[in-house]
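Examination of the molecular architecture
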Amino acid sequence: MLDNLILLENIDAVASIIESGNRFVVLSHKNPDGDAVGSSIALMLYLRSRGKEAVVVLPNRFPEFLSWLPSADEVLYYDTDAECAKAAFEDADAFFCLDFNLLSRIGDAGEVVAALGAPKVLIDHHPQPSQEFSVSISHPEACSTSELVFRVIGRLSGVDAVSYEMAQAIYTGMMTDTGAFAYASTRKDIYIIIAHLLEKGIDKDLIYRKVFYNHSLSRMRLMGYVLYDKLKYFSKYNAALITLSHQELMRFYAQKGDTEGLVNQALQMKGVRFSCFFREEVPGKINVSLRSVDDFPCNAVAAEFFNGGGHKNASGGELHCTMDAAVELFKVALQKYKRELTE
């Protein structure tokens, strides 16, 4: 039996918005991951099952290893389908904003959506949501936004309303946002939800292989290069750093998603509590991924040093500087947090 994590008043508000509307847009964040894509597709399919028109709009493309998800080929991308996306925005009776806590997280589309008067429903598990949403279902204690989407559907229509396709998408989101349930996954409710999803007929082992055993040759060679040449261990701070320049990414023909999960590799080393990954996908722009274990707050480091934020053990940010400058900033962060890293 699941607890009623989501307030009844929020469930009632969402029910009213769905009942009174016919056209909905589901949105998620830039550089969408498995949880962003899985939760968005699941909610889109649910809305369609209610006889509504619904479309997912993402700021840019998701990694190729998620392309097998049901209805993934129907997703619109704002960076390449801006006119179609804007038309959907104009027609929308409401927006469902999934897996982000600020409209700025969806890039240029955020300003367009913010200017429209249609209700905006937040379903998210990141801390400190903004006040720009009409309804806010925000629960940082949830393992993923996909968990929350399952809960919302269950409260609105019962677990029977979750189809096989929705279950595939929800499980993918839950699995990817917990590192295949290796972290942020100790609450018993997570496994009650998984049991419900298994009853829908999903093959969790096949989903795992489709996501984690579906890499290109270039990705495998890139991983070998990273582990041999680019992984730096800062034993004094129980920390590790991986850097990949734009030239290095080009050298290995890296495609979107090829660097996914590399930041987690360093956490497999004995003693490492904090892992940082700098990747220069565009010259002069450094994307930052941070991971930690135990109680070390990498989201605090992200906010203070890398213009970002996120969860305690999984965060990100962005820098506009050279790679050398980013590395020096990382070293400053280690000095600042030395006590927390070595206690």
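Predicted model, so just to flag it, every value in this text is computed and none were measured. Each chain has its residues counted from 1, following the order in which its sequence is written. Only residues with pLDDT of at least 70 are given local features in this predicted model, and only at 80 or more are side-chain atom pairs given and counted; all residues enter the totals for whole chains, interfaces and linings. In computing side-chain values, all of the structure's heavy atoms are included and hydrogens and water are not.

1. Describing the packing of aromatic side chains
Only Phe, Tyr and Trp rings take part, Trp by its six-membered ring, and two of them pair if their centres are within 6.5 Å. Stacked means planes under 30 degrees apart, edge-to-face means over 60, and tilted covers everything else. Per the stated rule, a full pass over the model turns up 18 aromatic pairs. Judged by centre distance (6.1 Å) and plane angle (10°), the ring pair of Tyr78 and Phe89 falls under stacked. Here Phe89 lies in helix α3 (residues 82-91) and Tyr78 lies in the loop between β3 (76-77) and α3, a separation of 11 residues in the sequence. Taken together, a centroid distance of 6.4 Å and an interplanar angle of 50° make the contact between Phe305 and Phe306 tilted. Residue classification places Phe305 among the buried residues on the basis of a relative accessible area of 13%. Here Phe306 falls in the buried class, since its relative accessible area comes to 0%. Three or more aromatic residues link up through ring pairs in this structure, and these residues are Phe234, Phe274, Phe278, Phe296, Phe305, Phe306, Phe330 and Tyr337. Over a ring means this: the NZ of a Lys or the CZ of an Arg is within 6 Å of the ring centre and within 35 degrees of the ring normal. The ring of Tyr225 carries Arg251 above its face, with NZ or CZ at 5.0 Å from the centroid. The secondary structure listing takes helices from DSSP runs of H or I that are at least 4 residues long and strands from runs of E that are at least 2 residues long, numbered from the N terminus. The classification of residues rests on relative accessible area computed with a 1.4 Å probe and restricted to protein chains. Under 20% of the type maximum is buried, over 50% is exposed, and intermediate values are partly exposed.

2. Details of the sheet that holds strand β4 (residues 94-98)
Two strands pair if DSSP finds at least two bridges between them. Read from one edge of the open sheet, 6 strands run β3-β2-β1-β4-β5-β6, paired in parallel fashion. The open sheet has two edge strands with one neighbour each: β3 and β6 (135-138). By the bridge criterion, 4 bridges tie strand β1 (residues 23-27) to β4 in an arrangement that is parallel. Counted as the bridge partner of Val25 is Phe95 from β4. Across the sheet, helix α2 (residues 34-49) is in contact with β1, β2 (53-58), β4 and β5 (120-124); its angle to β2 comes to roughly 165°. Sitting on the sheet, helix α5 (residues 145-157) is in contact with β4, β5 and β6, with an inclination near 120° to β5. Between two residues, a contact is recorded if the distance between any of their heavy atoms is within 4.5 Å. Axis definition: a line fitted to C-alpha atoms, over the contacting stretch in the case of helices. Angles run 0 to 180 degrees between N-to-C directions.

3. Regarding the side chain of Ser28
For Ser28, the location among the structural elements is in the loop between β1 and α2. A 3.5 Å cut-off defines polar contacts: any pair of N or O atoms within that distance qualifies, except that in protein one atom must be a possible hydrogen donor and the other a possible acceptor, and neighbouring residues in sequence count only when both atoms are side-chain atoms. In this structure the side chain of Ser28 is engaged in a polar contact, spanning 2.8 Å, whose partner is the backbone oxygen of Leu98. Apart from residues lying up to four places away in sequence, Ser28 is in contact with Ala36, Ser40, Val57, Leu58, Pro59, Leu98, Asp99, Phe100 and Ile106.

Geometric values such as these leave the question of function open.
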